[in-house]
Amino acid sequence: QVQLVESGGGLVQAGGSLRLSCAASGVIFSINVMGWYRQAPGKQRELVARITSGGRTNYVDSVKGRFTISRDNAKKMVYLQMNSLTPEDTAVYYCNADGVATAGGRGAYWGQGTQVTVSS
């Protein structure tokens, strides 16, 4: 059974930084894409950043230059370094793993979410 567990959320003042981590567990052969999504109150969940197993990255325009996604394939972990945070970054952040190869085939999985709150 594949599980994703996020950590690192919390309360920070505007201009501050946070680092989110997500660990995938279970009998996993490989993971194609890992990413971070966020959902603010009253808004749809949106992609923040994602990274392929080869290290190719994509970011939503609003976080470019402020957030950095990285991953450790051996540890099956993905990270999101968030700098220069603004109140608009306040949301629940979800870890996603897509193209997860297990004995049962390939699938996509979500973490339970971690709250990030940025105060002005």
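Here the structure is a predicted model, which means the values were calculated and not measured. (Residues numbered from 1 in each chain as written. Predicted model: local features only at pLDDT ≥ 70, side-chain atom pairs only at ≥ 80, totals over all residues. Heavy atoms only, no water.)

Draft legend 1. Focus on the pattern of salt bridges. All told, the structure shown has 4 salt bridges when counted by the stated rule. Two residues, Arg38 and Glu46, come together in a salt bridge whose shortest N-O distance is 2.7 Å. Residue Arg38 is classed as buried on the basis of its relative accessible area of 6%. Looking at Glu46, the relative accessible area reads 31%, which means it is partly exposed. When the shortest N-O distance is used, the salt bridge between Arg66 and Asp89 registers 2.8 Å. In this pair, Arg66 sits in the loop between strand 6 (57-59) and strand 7 (67-72) while Asp89 sits in the loop between strand 8 (77-82) and strand 9 (91-102), placing the two residues 23 residues apart along the sequence. Linked through salt bridges whose partners overlap, the residues forming this network are Arg38, Glu46, Arg66 and Asp89. (Salt bridge = Lys/Arg side-chain N within 4 Å of Asp/Glu carboxyl O. Buried < 20%, exposed > 50% of the residue type's maximum accessible area, 1.4 Å probe, protein only. Helix = DSSP H or I, 4+ residues; strand = E, 2+ residues; numbered from the N terminus.)

Draft legend 2. Expanded view of the sheet that holds strand 3 (residues 18-25). With antiparallel pairing, 4 strands are arranged side by side in an open sheet as 1-3-8-7. Both outer strands of the open sheet, strand 1 (3-7) and strand 7, are each paired with one neighbouring strand and no more. Put simply, the sheet's adjacent strands are angled 15 degrees from each other on average, direction ignored. Alignment of strand 1 against strand 3, held across 5 bridges, turns out to be antiparallel. Considered in strand 3, the bridge of Ser7 is made with Ser21. (Pairing = 2+ DSSP bridges. Axes fitted to C-alpha atoms, helices over the stretch in contact; angles between N-to-C directions.)

Draft legend 3. The packing of aromatic side chains, seen in detail. A full pass over the atoms with the stated rule returns 1 aromatic pair. Seen in terms of ring centroids, Tyr37 and Trp110 are 4.9 Å apart; in terms of plane orientation they differ by 65 degrees. Their pairing is edge-to-face. Of this pair, Tyr37 sits in strand 4 (residues 30-39) while Trp110 sits in strand 10 (residues 105-110), placing them 73 residues apart in sequence. Its guanidinium or amino end placed over the ring of Tyr79, Arg19 lies 4.2 Å from that ring's centre, counting from NZ or CZ. (Phe/Tyr/Trp six-rings, centres within 6.5 Å; stacked < 30°, edge-to-face > 60°. Lys NZ or Arg CZ within 6 Å of the ring centre and 35° of its normal.)

Draft legend 4. Focus on the nonpolar core. Trp36, Val48, Phe67, Val78, Leu80, Met82 and Tyr93 are the most contacted members of the largest nonpolar core, which totals 29 residues. Going through the elements one at a time, strand 3, strand 4, strand 5 (46-52), strand 7, strand 8, strand 9 and strand 11 (114-119) are the ones with two or more residues in this core. No other element matches the 5 residues that strand 9 contributes to this core. (Core = buried A, V, L, I, M, F, W, Y, C linked by side-chain atoms within 4.5 Å.)

Draft legend 5. Focus on unusual backbone geometry. Although it is not a glycine, Lys76 sits at a positive phi angle of roughly 55 degrees. Within the secondary structure layout, Lys76 lies in the loop between strand 7 and strand 8. On the accessibility criterion, Lys76 (24% relative accessible area) is partly exposed. Even without a glycine there, the phi angle at Ser84 is positive, about 50 degrees. In this fold, Ser84 is placed in the loop between strand 8 and strand 9.

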